[in-house]
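Here are the chains, one letter per residue:
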Amino acid sequence: MSEITTRDSGSLPDHGHGAPEGTNPDDLARPLYEGPGALPAADIPHRPRRSDIDPKAARRAERQVAALFVLAMLMFILFVVGYIAISPFTEVYVPVFGLIGAQNFVLGLTLGLGIFCIGAGAIQWAKKLMPDVEVVQERHPLRSTPHEDAEALDQYERGKEESGFGQYRIIRRTLIGAMALLPIPLIVLLRDLWSPKDGSFGPSPVELLSTTAWVEGMPVVTDGTYVKLRPEDIPVGGLVSALPENIMEIQEAEHNLNARGKAAIILVRMEPDEIRAQQGDGWDYQGILAYSKICTHVGCPIALYEHRTHHLLCPCHQSTFDLADAGNVVFGPAARRMPQLPIGVNEEGFLVAKAPFAEPVGPSFWERG
Amino acid sequence: MKALAARRRNPIVATLLLFVALLGVGGVYAVATSAAPAEAVATADQTAIDEGKRLYLEGCSSCHGLNAQGTATGPTLIGVGAASVHFQVSTGRMPMAAPGAQAPVKPVDYSEADVAAMAAYIASLAPGPAIPTAEQLDYTDADIAEGGVLFRINCAQCHQAAGGGGALTQGKHAPSLMSSSAQEIYEAMLTGPQNMPVFADTTLPVEDKQAIIAYIKDLQEAESPGGIALGRIGPVAEGLFLWAGVIAVFIGIAVWIGIKAR
């Protein structure tokens, strides 16, 4: 196998094509490489391979390469046999892989091994039997020649002249105008970033991020089954994923899941004396607490509630909130506590929100400060 | 009395007496048989409760207290119900071998009868969730797709979407559900063992629980057509496997290609 050494031609030592110094004069098997652009390297010591010196070793290498190619042939034949003979529904237990389709396994194994054997044979052939000589490959300098520089400049000047850019004033000015307006559509797309506060441009992104579907008196329903809840439905230690009652209507009107994403909450119930702090006075209902389900770090939905520690763990980055202590962060990258939704019951005895969320749910954003 | 004495040798008297005696025996027997089963059941219950109390004092009271009132090392068991006892003991979680973040599953030391006796004892202390009936555990008609929706909303956050389990805080973990029986799943939802929240019948009715069990059972039976499931957590595990495992093989091949033959 040839070893290619690259270096700048400027530092290439001038040593001609002769047999380099430091090689074994007895090395008769060493082939000479006289390809274009390559010079034998004088300063790399050459060590002959066993297959260069020993004809027996050379023949062994030859047999090895041939054997690999024969093995490849065998694999391709086995592939066809496997395709015809094995039913696609037969299963076989293979250690490590478990129970898998026998045909798939045989097809993959034979085709993969066959192609691998061709490659391995080729590499072995190149390593053991093809010419073995160290060469230096010259690399031309990276800088263009002065002639090329001059030609490029000349073409530019000629193009300027032939296009008449200096001559047709109206074309020049309209082109400049078109180019000046090109960024306008891109900027308009970002108009959300500076929506006026008076709402004349629709709700600002800050407002959208700060409000949810929860309003005063909005009944709480279970996620998935959309059933209204009574306080006695939730046992101590219980956990319920919940949504506002009108979530499906909003979803169908808006044709997206944004409202659901913001309004998702969890209800948990603990003994009232276990609650050490809340975000507002009496925001629980007989030990039932409602917290946002959206992590304040990057917005993963979280409901990994441990009912003995009252910890709420986010599976994405391990932010942990203590729901018995006002939803404060006790661990992890989240910078803000989990927003709490004040809840109570309406005159029919169903759990409802007593007020909207007092702070934006979900991850932080620029204007939130 | 004279008239009666005079007629006592009448053949009719003998017949009459026999009739009265038969009535008496039959009546007493009828009363006895109707009372006996109730008494027998009560005695059997009481036997089970006594046996359960004995087992409780031996195996559980060091942590849960002599009257199941709870201690610093174990919570009270008053009101946890028979379902909780069955779940914890029949899976080997209780009694714990050593205090730790979470009771691990281990070989069970008790017979089915022992577990039932302890469950009866704890249930006799205060009402609590009962062991689910065969009817409640019958999930054959349940809607697997609906179960999948409910599982992803209520269970997947800890047990992972394919039921493989996952890590919680400070050494605790949500176990894999791949070998759980329908009864264990039902009891776990009903009682909230360890740090698992309670999913009571009021918020997750029996049909919903059956649907969730049907979904988990479907996952348990699902095959992995590609071989190694890698925890069934999708491209992350597969990517990690390729980067960490297969790339080492590729590096080995690259080194072999690059090495100079001797």
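Provided above is the structure to which this section pertains.
This text gives an overview of the structure that appears in the document. Remember, predicted model here, so these are calculated numbers, not experimental data.

Here's the deal with the overall build of chain B
Looking only at helices and strands, chain B has 10 helices and two strands in total. Counting from the amino terminus, helix and strand elements in chain B follow one another as α-α-α-α-α-α-α-β-β-α-α-α. Residue burial in chain B is summarised as follows: out of 262 residues, 34% are buried. Put simply, of all contacts in chain B between residues at least 6 apart along the chain, 58% involve residues at least 24 apart. A total of about 15,000 Å² of accessible surface is found on chain B, and carbon and sulfur atoms cover 67% of it.

Brief notes about the overall build of chain A
Along its length, chain A carries nine helices and 16 strands. Counting across all 369 residues of chain A, residues that qualify as buried make up 36%. Across chain A, every contact between residues at least 6 apart in sequence was considered, and the portion connecting residues at least 24 apart equals 59%. By element, 62% of the accessible surface of chain A is carried by carbon and sulfur atoms, the whole surface being about 22,100 Å².

Observations regarding the side chain of Lys-217 of chain B
Residues and elements named next belong to chain B. Here Lys-217 is to be found in helix α9 (residues 206-221). For the buried Lys-217, which has no salt bridge, the nearest side chain bearing the opposite charge is Glu-221, at an N-O separation of 6.4 Å. Beyond its immediate chain neighbours, meaning those up to four positions away, Lys-217 contacts Tyr-139, Ser-180, Ser-181 and Ala-182.

Describing empty space enclosed by the protein
Enumeration according to the criterion identifies three cavities of 30 Å³ or more in this entry. Here the largest cavity defines a volume of roughly 80 Å³. Mapped onto the lining of the largest cavity, the elements with two or more residues apiece are β7 (239-244) of chain A together with α6 (144-154) of chain B. For the lining of the largest cavity, the leading source of residues is β7 of chain A, giving three residues. Taken together, the residues of the lining of the largest cavity sort by class into five nonpolar, five polar and two charged.

What about unusual backbone geometry?
Residue and element names in this part refer to chain B. In this structure, the amide linkage connecting Met-94 to the following residue, Pro-95, adopts the cis form with an omega of -5 degrees. Along the chain, the position of Pro-95 falls in the loop between α4 (81-90) and α5 (112-125). For Gln-160, which is not a glycine, the phi torsion comes out positive at approximately 75 degrees. Here Gln-160 is to be found in the loop between α7 (156-159) and β1 (166-167).

Some details on the pairing of β7 of chain A
Residue and element names in this part refer to chain A. Counting buried positions over the six residues of β7 gives six, a clear majority of the element. Side-chain alternation along β7 places Leu-239, Ser-241 and Leu-243 on one buried face and Val-240, Ala-242 and Pro-244 on a second face that is also buried. Across three bridges, the pairing between strand β6 (residues 220-222) and β7 is antiparallel. Looking at β7, one finds that Val-221 is bridged to Leu-243. As defined by bridge partners, β7 adjoins strand β8 (residues 265-269) across four bridges and the pair is classed as antiparallel. Counted as the bridge partner of Ala-242 is Ile-265 from β8.

Details of the pattern of salt bridges
Scanning the entire structure with this criterion turns up 14 salt bridges over all chains. With a shortest N-O distance of 3.3 Å, Asp-132 of chain A and Lys-260 of chain B are connected by a salt bridge. Taken together, the positions of Asp-132 of chain A in the loop between α3 (102-128) and β5 (134-139) and Lys-260 of chain B in the segment after α10 (235-258) put the pair across two chains. A relative accessible area of 1% means that Asp-132 of chain A is categorised as buried. The partly exposed category is assigned to Lys-260 of chain B, whose relative accessible area is 30%. Ionic pairing is found between Glu-58 of chain B and Arg-54 of chain B, a salt bridge with its closest N-O pair at 2.6 Å. One end of the pair, Glu-58 of chain B, and the other, Arg-54 of chain B, are both in helix α2 (residues 11-59), four residues apart, so they sit about a helical turn from each other. Residue classification places Glu-58 of chain B among the exposed residues on the basis of a relative accessible area of 58%.

Quick notes on the environment of Arg-93 of chain B
Residues and elements named next belong to chain B. By the secondary structure assignment, Arg-93 is in the loop between α4 and α5. Here the alpha-carbon distance between Arg-93 and Val-108, two residues 15 residues apart in the chain, equals 8.2 Å. Those residues in contact with Arg-93 that lie beyond four places of it in its chain are Phe-87, Gln-88, Ala-103, Pro-104, Val-105, Lys-106, Pro-175 and Gln-194. A polar atom in the side chain of Arg-93 sits 3.1 Å from the side chain of Thr-91.

Observations concerning a nonpolar patch on the surface
All names here are of chain B. A contiguous nonpolar patch, built from Trp-243, Ile-247, Ile-251, Val-255, Trp-256, Ile-257 and Ile-259 and spanning about 680 Å² of accessible area, is present on the exposed surface. The topology assignment puts Ile-247 in helix α10. Residue classification places Ile-247 among the partly exposed positions, given a relative accessible area of 32%.

As for the sheet that holds strand β13 (residues 328-331) of chain A
Residues and elements named next belong to chain A. Strands sit in the order β10-β11-β12-β13 across an open sheet of four strands; the sheet is antiparallel. Where the open sheet ends on each side, the last strands, each with one partner, are β10 (304-306) and β13. Ignoring which end each strand starts from, the neighbouring axes of this sheet average 30 degrees apart.

Considering the interface of chain B and chain A
Interface size is commonly expressed as the accessible surface area that is lost when the partners come together. Counting from both sides, the interface comprises 35 residues of chain B and, opposite them, 44 residues of chain A. Between chain B and chain A, the buried area comes to about 3,200 Å², and carbon and sulfur atoms account for 58% of it. Three residues, Trp-256, Lys-260 and Arg-262 of chain B, lead the burial of chain B against chain A; their summed loss comes to 19% of the area buried on that side. Viewed at the interface, chain A and chain B are joined by two salt bridges. One salt bridge in this structure joins Lys-172 of chain B and Glu-306 of chain A, with 3.4 Å as the shortest N-O distance. Inspection of the chain B/chain A interface yields 16 residue pairs in polar contact (both at pLDDT 80 or more). Only α6, α7 and α10 of chain B provide two or more residues apiece to the side of chain B that touches chain A.

A few points about the packing of aromatic side chains
In this description, a pair of aromatic rings is defined by centroid distance and the angle of the planes. All names here are of chain B. In the structure shown here, the tally under the stated rule is two aromatic pairs over all chains. Seen in terms of ring centroids, Tyr-56 and Tyr-121 are 5.3 Å apart; in terms of plane orientation they differ by 50 degrees. Their pairing is tilted. Placement of the pair is Tyr-56 in helix α2 and Tyr-121 in helix α5, with a sequence separation of 65 residues. The side chain of Lys-209 reaches across the aromatic face of Tyr-186, ending 5.8 Å from its centre.

Calculation rules
Residues numbered from 1 in each chain as written. Chains lettered and ligands numbered in written order. Predicted model: local features only at pLDDT ≥ 70, side-chain atom pairs only at ≥ 80, totals over all residues. Heavy atoms only, no water. Helix = DSSP H or I, 4+ residues; strand = E, 2+ residues; numbered from the N terminus. Buried < 20%, exposed > 50% of the residue type's maximum accessible area, 1.4 Å probe, protein only. Contact = heavy atoms within 4.5 Å. Areas by Shrake-Rupley, 256 points an atom, 1.4 Å probe, with all protein chains shown as cover. Lys, Arg positive; Asp, Glu negative; His and termini not counted. Salt bridge = Lys/Arg side-chain N within 4 Å of Asp/Glu carboxyl O. 1 Å grid on protein atoms, 1.4 Å probe; cavity = no way out; pocket = protein on both sides within 12 Å on 5 of 7 lines; lining within 4 Å. Points joined across faces, edges and corners; volume = space filled by probe spheres on them. Nonpolar A, V, L, I, M, F, W, Y, C, P; charged D, E, K, R; others polar. Pairing = 2+ DSSP bridges. Polar contact = N/O pair within 3.5 Å; in protein donor to acceptor, adjacent residues only side chain to side chain. Patch = residues over 30% accessible without salt bridge, like charges linked within 9 Å, V, L, I, M, F, W, Y side chains within 5 Å. Axes fitted to C-alpha atoms, helices over the stretch in contact; angles between N-to-C directions. Buried area = accessible area lost by both parts, 1.4 Å probe. Phe/Tyr/Trp six-rings, centres within 6.5 Å; stacked < 30°, edge-to-face > 60°. Lys NZ or Arg CZ within 6 Å of the ring centre and 35° of its normal.

Honestly, it's all geometry; don't read function into it.
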